[in-house]
Amino acid sequence: MPDDPVVVKTIVTIDMAQRIAAKYGVRTVNVLTGFKFIGEQIGLLERQGKVDSYLFGFEESYGYLSGGYVRDKDAVDGAFLICEMFAYYKTRGVSLLDKLNELYQEFGCCLNTLYSFTFEDSAGFEKMQSIMAKFHEGVEEIGPKKVLTTLDYSKGLDGLPKSDVLKFLLADNCSVVVRPSGTEPKLKAYLSISAADQAAAAETEQQVVEALKGYFA
């Protein structure tokens, strides 16, 4: 393991990854949505003379990258890592599903899902702005989960560019990210739900989704 090992992920990507990284002493850097921001972090480490610190980067839309030799999501690299992982655990009589369930037992079963809400025409755009304004005013709970912390990226948190994105850190290692789409008349909600098992996670997710529908109505 290099000095100051780093994994980079987007703020909408599964939160469980940060808890896994912490167990192994790996620092997690969270960036805005878009793989270009992961590549930017590799460049920053290079300029600090710490390019070897970069271990792995990924985002929610199935983009993975290990090593700094490319600066965009790399399907070939991702497939190789999966094959290597499969071979490693195969020699130990462990399937990838076994390993995933082992992680769930240690860190909680985590569901990471995206929901989009469409608003057409100019009236829809105004509606989107109104909904985001209400979220910016503050939310105390979403469904059964209390909001513990609100991260407002429109203020430029953690040195990131200002972006109209809110991340609500909820009780029990759950979170919701809300942001307008950059290309479509949609508001997007990214859910990261942790629970003791899959059934409990699915139930909590549904309760959170129903609560969000009330905000987006």
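Residues numbered from 1 in each chain as written. Predicted model: local features only at pLDDT ≥ 70, side-chain atom pairs only at ≥ 80, totals over all residues. Heavy atoms only, no water.

Draft legend 1. Inspection of the layout of surface pockets at higher detail. In this model, the largest pocket occupies a volume close to 1,900 Å³. Lining the largest pocket are 37 residues, with I20, F56, Y64, M85 and L103 positioned closest to its centre. Elements represented by at least two residues in the lining of the largest pocket include exactly α1 (16-23), β3 (54-59), α3 (75-90), α4 (96-107) and β5 (109-118). With 7 residues, the top contributor of residues to the lining of the largest pocket is α3. Looking at side-chain class alone, the lining of the largest pocket contains 28 nonpolar, 5 polar and 4 charged residues. Within this model, the second largest pocket holds a volume of roughly 280 Å³. Tallying contributions element by element places strand β8 (residues 166-170) first for the lining of the second largest pocket, with 3 residues. (1 Å grid on protein atoms, 1.4 Å probe; cavity = no way out; pocket = protein on both sides within 12 Å on 5 of 7 lines; lining within 4 Å. Points joined across faces, edges and corners; volume = space filled by probe spheres on them. Helix = DSSP H or I, 4+ residues; strand = E, 2+ residues; numbered from the N terminus. Nonpolar A, V, L, I, M, F, W, Y, C, P; charged D, E, K, R; others polar.)

Draft legend 2. Up close: the environment of R179. Relative to the helices and strands, R179 is located in strand β9 (residues 174-180). A relative accessible area of 15% places R179 in the buried class. Sequence separation between R179 and S154 is 25 residues; the distance between their C-alpha atoms is 10 Å. In this view, R179 contacts T33, M132, D164, V165, K186, L187, K188 and Y190; residues no more than four positions away in its chain are not counted. Among the polar contacts listed, one links the side chain of R179 to the side chain of Y190, at a separation of 2.9 Å. (Buried < 20%, exposed > 50% of the residue type's maximum accessible area, 1.4 Å probe, protein only. Contact = heavy atoms within 4.5 Å. Polar contact = N/O pair within 3.5 Å; in protein donor to acceptor, adjacent residues only side chain to side chain.)

Draft legend 3. Up close: the nonpolar core. Formed by 23 residues in total, the largest nonpolar core has its most connected members in F135, I142, F168, V176, L191, L212 and F216. Elements with a contribution of two residues or more to this core: α5 (121-137), β8, β9, β10 (186-195) and α6 (198-216). Beyond its immediate stretch of four places on either side in the chain, L212 contacts F135, I142, V176, A189 and L191. By size, the runner-up hydrophobic cluster in this structure holds 19 residues, among which are V8, V31, F35 and V165. (Core = buried A, V, L, I, M, F, W, Y, C linked by side-chain atoms within 4.5 Å.)

Draft legend 4. Quick peek at the side chain of D77. Examined against the element boundaries, D77 turns out to sit in helix α3. Lacking a salt bridge, the buried D77 has R71 as its closest oppositely charged neighbour, with an N-O distance of 12 Å. Here D77 is in contact with Y64, L65, S66 and Y69, once residues within four sequence places are set aside. (Lys, Arg positive; Asp, Glu negative; His and termini not counted. Salt bridge = Lys/Arg side-chain N within 4 Å of Asp/Glu carboxyl O.)

The analysis is restricted to geometry; functional conclusions fall outside its scope.
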